[in-house]
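Close look at the chain arrangement
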Amino acid sequence: MATPSITKNMITLTIDGKTAKVPKGTLVIEAARQVGVMVPHFCYHPKLSPDANCRMCLVEIEKMPRLQTSCSTPVAEGMVVKSASSAQAQEARKSVLDFILANHPLDCPVCDQGGRCDLQDFSHEYTATTSRFKELKRVFQKEYFSPLIETQMNRCVQCLRCVRYCDQVMDVKALAPVGRGTLTEIKSFGAHDLDCEFCGGCIQICPVGAITSRLSMYEFRPWMLKRTDSVCGYCGDGCQITFQTKDNALIEINSTQGAGRNNGDLCARGYFGYHVSEHPDRLTSPLIRDGQAFKAVQWEEALEFVGQRLLDIKAKYGPDAIGGLISGRCTNEDVYVFQKFMRVVVGTNRIDSSVRYGHLNGVHAMQRVQGTHRWAVSFDDIEAADTLLLVGTNITETNPITGLKVKEAVKRRGAKLITIEALVPAIGSLSNISNLAQHHFAVKPTAYAAAILGLLKAVVDQQILDVELQVKAQSYFNDITANLQALSWEAIHAQTGMDSDSYAQAAQVFGQGQKVIILVGPGVLRSQGGFGMTMNLLDLLLLTGKLTKPGCGLAPLAEENNDQGAFEMGGIGAVLPGGTSLGDAEAREALSQSWGRPLPDTAGSSLPQMIEDAKQGKLKALLVVGENPLASLPPSSGIHTALEKLEFLVCQELFLTETAQQAHVVLPACSYAEKDGTFTNTEGHIQLVRSAIDLVGDSRPDWEIFSALSVMMNDPMEYGDVKEIGKEIRNLLPGTRTLGLAPLPAQPDATAIARYVTADYQRDVATRYQLPAIDSPDAADYLTLQVSQSLFHSGKFSRKAKGLLQVEAKGKIYLHPEEASRRGLSDGDTVKVSNALGDVMAPVGIRERIPQGVAVFPEHFDEEIRRLLPYTVDPETQVPSCKVTRVRLEKVSGA
Amino acid sequence: MSQYEKILLKNMEQPGYTGSLAEYEQAGGYQAFRKVVKDMQPDQVIEEVKKSGLRGRGGAGFPTGVKWGFIPKDHPGPKYLCCNADESEPGTFKDRQLMERDPHQMLEGMAITCFAIGAETAYIYIRGEFRLGASILEKAIHEANAGGYLGENVLGSGRTIKVYVHAGAGAYICGEETALLESLEGKRGMPRFKPPFPATHGLYQKPTVVNNVETMANIPHIINRGGQWFAGIGSPPKSCGTRVFCLSGHVKRPGNYEVPMGIPFREFIYDIGGGMRSDKPIKAFIPGGASAPFLTPEHLDVKMDFEAVAMAGSMLGSGGVTVMEEGTSMVWAALRLMEFFYHESCGKCTPCREGSSWLVQTIQRIWNKQGRDGDIELLSDLCKNIAGRTVCAFGEAEVGPIQSTIKYFRHEYEALICEAQATMPRNKEIPMLTL
Amino acid sequence: MLLTKFKKEVEDILSRYPVKRSALLPLLNLAQREEGFVSEPAMRDIAKVLELTPPQVFETVTFYTMFNLKPIGKFHLQVCKSLMCALVKSDEVVTWITKKLNIAPGQTTPDKTFTLSVVECLGSCGTGPMMQVNDDYYEQLTEEKVGRVLDDLARDGNCPLKSGPFMYPLPVAKP
Ligand SMILES: Cc1cc2nc3c(=O)[nH]c(=O)nc-3n(C[C@H](O)[C@H](O)[C@H](O)COP(=O)(O)O)c2cc1C
Ligand code: SF4
Ligand code: FES
């Protein structure tokens, strides 16, 4: 049954004799598409506001004088449109092509777009075989554009799609149409190289071959490429990508407009980072330690060796002497088989995964307050939100595509944005989400907790509260209110530098929102007290009555591509597949039924605990799958000692990482480009991963290795292929059946909320509602150092991607220009960075968006600087945090 | 000289008149604005202007009162007035005189307009080259602010009317009203497609009126003497009032002349402009700026009003009349104008951008005696494919000179091509494959 | 930095517009008046003040022909070549200047005093041939007049022959 408002807003028109019924406001070109009439066009793109510059989409519309551009004309009731059926329109299109081709070099034989070029296609459709243009063609001098992107401006049709995309979608504004008239060309600034986010969007959106990728230049003709639709392996956003391969080589990646959660948009990692899989350093055969070195062996030998050693250790010390750690980069199927292997073949719940590094704080908080382990909102809700609060997330760099949803909401749909984030608004070569904020709380990385409390306090001060809940959950309200009232604005101001007025204003905006979403990033999730802060943000939603409202909710941003899936597959010792707790009798029963074996009774243990146990000799063997704890944790965590103490360390890896170098056995696994399975993105959407190239060397999918090991250990878990695993998972966990176009977000669970507001909140309310003790006001020469994610890398993994290294090849300690000049430092200087934990050398970089008093270093290059990082573990969630410290700088040498 | 009553040029033609506020006031200046503020409602002002039949003097000739009437009345946010002082149409130089010699006349018009449409802020978009004009206007605005005519609480009415001068930087297209708005927003001056029209989505997407300098200058007189009076001047009902026509080219007395619309070109060129400057007879004239198609001596009796000129196949446009004597090559004249249009095409629309470069190269070739058979047809075809297929009216403008010179002086093109073919045949192209 | 030097002027310009970017052309004009051309540092400074990226400033600068991206001579001689001036022999003005200063259009004299450009219509079609020199118009040029203008400028940096406030024809005093 159509609701009246919908029928009222529907418009009927005819296009080339076909009847179209479309919502009011639809453009004629889109209405035409819907009834199968393809109007040729260059400058129109559904993502961009119409510019109507190419004049290719002209149509005849009855009762309108002259031809109209269908890309800029909205439909009207009873409109009669003629496209292909209008001789006049066809004639006009022909002439537009004639005009474009006049100055076009017609170098199709050497153009990477040849074969998938709009200009070729339309020319084929419309133009005569000869041109009457006999004059000199304009020729632009070839100029170096950038390391990854190439321009060939002679081919440009000046539709400005690239420029508009860079501005309207990415908010980067790095491309400039330079000059006027026919001499206009797309450039960067002056004669400088392009300096931007390198999202590849301009390449993808160019209808001709004017902007192409340098990484694959001249290597292919499009019709030689084999397409494989899959999912990006770099971050939690889970973008749809299409691998384009030729003879088993990865040639390029693109993404299809209209497909995937990213709707065709990508970031630099997704677009240019695909060479990791083909890196020459890839491990191609199993390795067994032979003194200081490794020797390459056959799979049988390696598996037998590992199986036997594990059996021996299990026999000697019991199953809990063996632990396992798996990466959130692995597929759901990998994680599922892994944990099953650990639980039933080894017989232990000593399982952990990279969810532990931060995302778990968000998941556990959601579980505790609203009874879900997934977001109760989706990307679509973010786009539709009217109010967004971003906390501790430099979203462009951590979750760029979720960031685009935020930009869409703010820039195009007028949503209000509040940001609490260390980075300050500043225009640079990367988009900066706080530039778009109405209210920005530029607080130090250590003061997020105080800022969140400030917002809560303002909400209470101004009574922006849910009256109904107030009645139902009096003590919850009263306790929190009392705690907040005990906090002084002076103290909050002292930590955050923001006064009560600012909080009051932001609280008003937050309170007025009807569709309010809070996005939480690594600044909160990975930091000390991250769990408490996330809880408090859920309280904020609850108190203001927004937690259960449709379109509202909390969205913790997953860092790795399958962090969410790793959790849901039981990649956490204390959690069973499906996200229920290890103690859940019903779930245990169902699992042991299905697996045909009992589940171990011991408690699960986390990575920090395993480190402790290894140090104490209680953990003897560790199976590390795709993880590299030596590179993820600082020495202060004790990981070095722990690994040294192990009797047996096995790594399943693509490369000989720091951790793998310590291993007794290294088993070559395959990358996401070579395997099938599924990833679950940050919003809980499960998507298909498909192999695009053959397995590299002798590498194997991780699940296959566990399966083979189980056979060796006389407890076979055999699977013919990934599909079988998937089936088993889906049978077991109905919640994983959401493969489809869009995720259905989880619903907050009323019982869980009731439990939380009646009693459960009391457990830690006093601690959560206290200002954390932070270091005494920084002595003048100390800086707060934050080690964080860069847009151009993902973990240490992407450092094997040659494209990304072209943009960022090393770490620098980034400072605000004034901070640097005050310290007599300039770009490229070398400084000694030191604190109580030691000192390291680092080059200086300058960035406007770094606040004064803060230094930022990309975690991907932290092998040295990591030594300065302290390490703490959250008592409740066991999440380690080690990303912030205080350092002093001393100039060693000039640039 | 001209026996017609001057309206716009009256003050400045008084000996010693400098255009200062004091002198303007002495000549009756700002009485209209006082009247508007004291005795009139915005709607009444708009009505009066509608009644006057005033049509825009910038080129398109849109009825001014009607344009004002499109501004939404109850729009909550700001509204803007932009005075188009970009005057870049070759052959036109009247706005410069109106601004430099009697700036308060247009400022008063602007103040009244702001009152009528409910705008608090107005910008004068003046072409960047007019440095002197800009400084004169700045000074006049300063005076008017001090005199209480502009600024806060104008004439004690509680209303604010702020006027600012905004200088362009060399781009003819910024005279097109939407390009002007883009430029005023600090962007490349590329026209916007319409609808939406500036009246609802103009400067900063707010309701905006764009009016030419001369249009503005007429307003105080309409208010002072009534729409009725104005509608009786010139060639009613469609072409009311006087216009300041600009005369240039091969005439004895080039310059700006204010005459009622509807006098014949012959009178304007010969009686007022003193006729041809040498004994050579007139060969052709442009009736309304570079965008207007050429006319020939047989059109000398056409009346200088919107309809008559349109009937004759051209347009009154910006009011720039350029006269060419016998002996002037029409191919050359078209080429000079085409070079201008090629240089000024903003590059947004494919037909205009590519067409202008194709056209200019082709005419250049013909002029340089390298024409080919078929070039004339090619030119006509290109023109046909540009006009009516672009975002702004520049597309029509740029083809006018070519189409009209081909229409009236085709033999000159043919002669050049013939000569080229005779001296250096160029029709031997690479043979075409025929199946 | 240019904009600190003209702080008051910049603030005044900014105060005129509700949207910062609108101040772009005025600030570029200011920069060019100061330096004679629009330099990269100036564009970067302006970008910062207006919260734009440098490419956004650059794209705008290159659209408008009055902005020079490179230093030019002290006096920029711009001769109009559009039809109306051409009818009254503006091409000869270019020849006269070329002869006198020994520079072709687009060139600058070795002493960096004069740069010659040929430009499109400057809005004084009735008083052509004409040229603009920096801020000033010189109209109804003859060879002799051009000579005087160039001499005066070279010598005094100024020339009384410039026109304005514009009115043509001048009214004849009533008897
Ligand atoms: C290419 C082009 C150039 C124009 N140049 C000018 C100009 O220099 N001055 C002007 O007043 N109007 C110019 N116009 C007309 C304006 O678009 C607009 O019609 C006018 O400013 C409206 O004011 P009016 O109604 O008072 O004439 C131009 C139009 C076009 C299409
Ligand atoms: S017609 Fe020409 S000048 Fe007008 S918008 Fe199109 S390209 Fe620009
Ligand atoms: S697609 Fe409509 S004008 Fe380009």
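This is a predicted model, so every value here is computed, not measured.

Our next topic: the overall build of chain C. Looking only at helices and strands, chain C features eight helices and four strands. Traced from its N-terminal end to its C-terminal end, chain C shows the element sequence α-α-α-α-α-β-α-α-β-β-β-α. Projected onto its principal axes, the C-alpha coordinates of chain C cover approximately 55 × 50 × 30 Å. Taking all 175 residues of chain C together, 57% fall into the buried category. Counting only contacts in chain C whose residues sit at least 6 apart along the sequence, the fraction spanning at least 24 positions is 59%. If you sum the accessible surface of chain C, you get close to 7700 Å²; carbon and sulfur atoms cover 54% of it. The positive charge centre, built from 21 side chains, and the negative charge centre, built from 21, are 2 Å apart in chain C.

Right, let's get into the site of ligand 2. Every one of the 13 residues lining ligand 2 counts as a neighbour, but Cys346(B), Lys348(B), Cys349(B), Cys352(B) and Cys392(B) are closest to it. When its residues are assigned to classes, the shell around ligand 2 shows eight nonpolar, four polar and one charged.

For the rest of this paragraph, the subject is the interface of chain C and chain B. Facing 48 residues of chain C, the contacting portion of chain B comprises 66 residues. With both sides pooled, the region where chain C packs onto chain B buries about 4800 Å², and carbon together with sulfur makes up 59% of that total. Our count for the chain C to chain B interface comes out at five salt bridges. Breaking the side of chain C that touches chain B down by element, the ones donating at least two residues are helix H3 (24–35), helix H5 (54–61), helix H6 (83–87) and helix H7 (90–101) of chain C.

On to the pairing of strand S15 (residues 322–326) of chain A, then. Residue and element names in this part refer to chain A. Judged by how many residues are buried, S15 sits mostly within the fold: five of five residues are covered. Burial along S15 is two-sided: Ile322, Gly324 and Ile326 and Gly323 and Leu325, pointing in opposite directions, are all buried. Bridge count for S15 against strand S16 (residues 351–353) is three bridges, and the pairing is parallel. The partner of Leu325 across the bridge, within S16, is Asp352. With helix H9 (residues 332–346) bridging S15 and the parallel S16, this β-α-β connection has right-handed handedness.

Before going further, it helps to examine the sheet that holds strand S20 (residues 516–520) of chain A. Hydrogen bonds between backbone atoms are what pair the strands of a sheet, whose relative direction is either parallel or antiparallel. All names here are of chain A. Read across the sheet, five strands follow the order S19-S18-S17-S20-S21 without closing on themselves; strand pairing throughout is parallel. Here the strands that pair on one side only, and so sit at the sheet edges, are strand S19 (439–442) and strand S21 (553–556). The average undirected angle you get between the axes of adjacent strands in this sheet is 10°. Pairing of S20 with S21, which is carried by four bridges, proceeds in the parallel orientation. Its bridge partner being in S21, Leu519 is matched across the sheet by Ala555. Sheet strands touched by helix H13 (residues 400–412): strand S17 (387–391), strand S18 (416–421) and S20. Its angle to S17, the strand with the most contacts, is close to 145°. With respect to the sheet, helix H18 (residues 500–512) is in contact with S17, S18, S19 and S20, its orientation differing from that of S19 by roughly 135°.

On to the domain arrangement of chain C. As assigned here, chain C comprises domain 1 (2–61) and domain 2 (75–156). If you average the C-alpha positions of domain 1 of chain C and of domain 2 of chain C, the two centres end up 29 Å apart.

Looking now at the site of ligand 1. Residue and element names in this part refer to chain B. If you check the shell around ligand 1, you find 20 residues, and the closest are Gly58, Asn84, Asn211, Asn212 and Thr215. Asn84 places a side-chain nitrogen or oxygen 2.7 Å from an oxygen atom of ligand 1. Side-chain polar atom of Thr215 to an oxygen atom of ligand 1: 2.6 Å apart, as the coordinates give it. In isolation ligand 1 offers 610 Å² of accessible surface; the protein chains occlude 91% of this area. Among the elements that line the shell around ligand 1, the one with the most residues is strand S4 (residues 208–212), at three residues. Residue classes in the shell around ligand 1 are distributed as six nonpolar, eight polar and six charged.

Turning our attention to the pattern of salt bridges. Taken as a whole and assessed by the stated rule, the structure comprises 99 salt bridges over all chains. In this structure, Glu559(A) and Arg526(A) form a salt bridge, with 2.9 Å as the shortest nitrogen-oxygen distance. Taken together, the positions of Glu559(A) in the loop between S21 and helix H21 (563–568) and Arg526(A) in the loop between helix H19 (522–525) and helix H20 (530–543) put the pair 33 residues apart, joining distant regions of the chain. You can call Glu559(A) buried: its relative accessible area is 12%. Ionic pairing is found between Lys100(C) and Asp151(C), a salt bridge with its closest N-O pair at 2.9 Å. Of this pair, Lys100(C) sits in helix H7 while Asp151(C) is found in helix H8 (residues 143–156), placing the two residues 51 residues apart along the sequence. With a relative accessible area of 40%, Lys100(C) lands in the partly exposed category. Accessibility expressed as a relative area gives 35% for Asp151(C), which makes it partly exposed.

Turning next to the sheet that holds strand S1 (residues 80–85) of chain B. Residue and element names in this part refer to chain B. With respect to topology, four strands assemble into an open sheet ordered S3-S2-S1-S4, the strand pairing being parallel. Of all strands in the sheet, those bounded by a partner on one side alone are strand S3 (162–167) and S4. Between one strand axis and the next, the sheet turns through 20° on average, direction left out of account. Of the strands in this sheet, S1 and S4 are in contact with helix H10 (residues 213–225), which crosses S4 at around 95°.

All names here are of chain A. Here H13 spans 17 Å end to end across 13 residues, near enough to the 18 Å set by a 1.5 Å rise per residue. For H13, the tally of buried residues reaches ten of 13 residues, placing the bulk of the element in the interior. Inspection of H13 places Pro400, Ile401, Thr402, Gly403, Leu404, Lys405, Val406, Lys407, Ala409 and Val410 among the buried residues, and these make up the whole buried set. The positive-phi residue at the C-terminal boundary of H13 is Gly414, with phi of around 75°.

All names here are of chain A. Among the secondary structure elements, Val22 is positioned in strand S2 (residues 18–23). Accessibility expressed as a relative area gives 1% for Val22, which makes it buried. For the pair Val22 and Ala752, spaced 730 residues apart in sequence, the C-alpha separation works out to 42 Å. Beyond its immediate stretch of four places on either side in the chain, Val22 contacts Asn9, Met10, Ile11, Leu13, Ala31, Gln34 and Val75.

Moving on: the packing of aromatic side chains. In total, this model carries 42 aromatic pairs over all chains according to the counting rule given. Residues Tyr476(A) and Phe477(A) carry aromatic rings whose centres are separated by 6.1 Å and whose planes lie at 90° to one another, so their mutual orientation is edge-to-face. Of the two residues examined, Tyr476(A) and Phe477(A), each falls in the buried class. Joined through ring pairs, the aromatic side chains of Tyr80(B), Tyr123(B), Tyr164(B), Tyr204(B) and Tyr17(C) make up one cluster. One cation-aromatic arrangement involves Lys800(A) over Phe655(A); the distance from NZ or CZ to the ring centre is 4.8 Å. Positioned above the aromatic ring of Tyr782(A), the side-chain terminus of Arg886(A) is 4.5 Å from the ring centre.

Parameters and conventions
- Residues numbered from 1 in each chain as written.
- Chains lettered and ligands numbered in written order.
- Predicted model: local features only at pLDDT ≥ 70, side-chain atom pairs only at ≥ 80, totals over all residues.
- Heavy atoms only, no water.
- Helix = DSSP H or I, 4+ residues; strand = E, 2+ residues; numbered from the N terminus.
- Buried < 20%, exposed > 50% of the residue type's maximum accessible area, 1.4 Å probe, protein only.
- Contact = heavy atoms within 4.5 Å.
- Areas by Shrake-Rupley, 256 points an atom, 1.4 Å probe, with all protein chains shown as cover.
- Lys, Arg positive; Asp, Glu negative; His and termini not counted.
- Charge placed at Lys NZ, Arg CZ, Asp CG, Glu CD.
- Near = heavy atom within 4 Å.
- Nonpolar A, V, L, I, M, F, W, Y, C, P; charged D, E, K, R; others polar.
- Buried area = accessible area lost by both parts, 1.4 Å probe.
- Salt bridge = Lys/Arg side-chain N within 4 Å of Asp/Glu carboxyl O.
- Pairing = 2+ DSSP bridges.
- Right-handed = clockwise from strand over helix to strand, strands pointing away.
- Axes fitted to C-alpha atoms, helices over the stretch in contact; angles between N-to-C directions.
- Domains from an automatic or database assignment.
- Polar contact = N/O pair within 3.5 Å; in protein donor to acceptor, adjacent residues only side chain to side chain.
- Expected span 1.5 Å × (residues − 1).
- Phe/Tyr/Trp six-rings, centres within 6.5 Å; stacked < 30°, edge-to-face > 60°.
- Lys NZ or Arg CZ within 6 Å of the ring centre and 35° of its normal.

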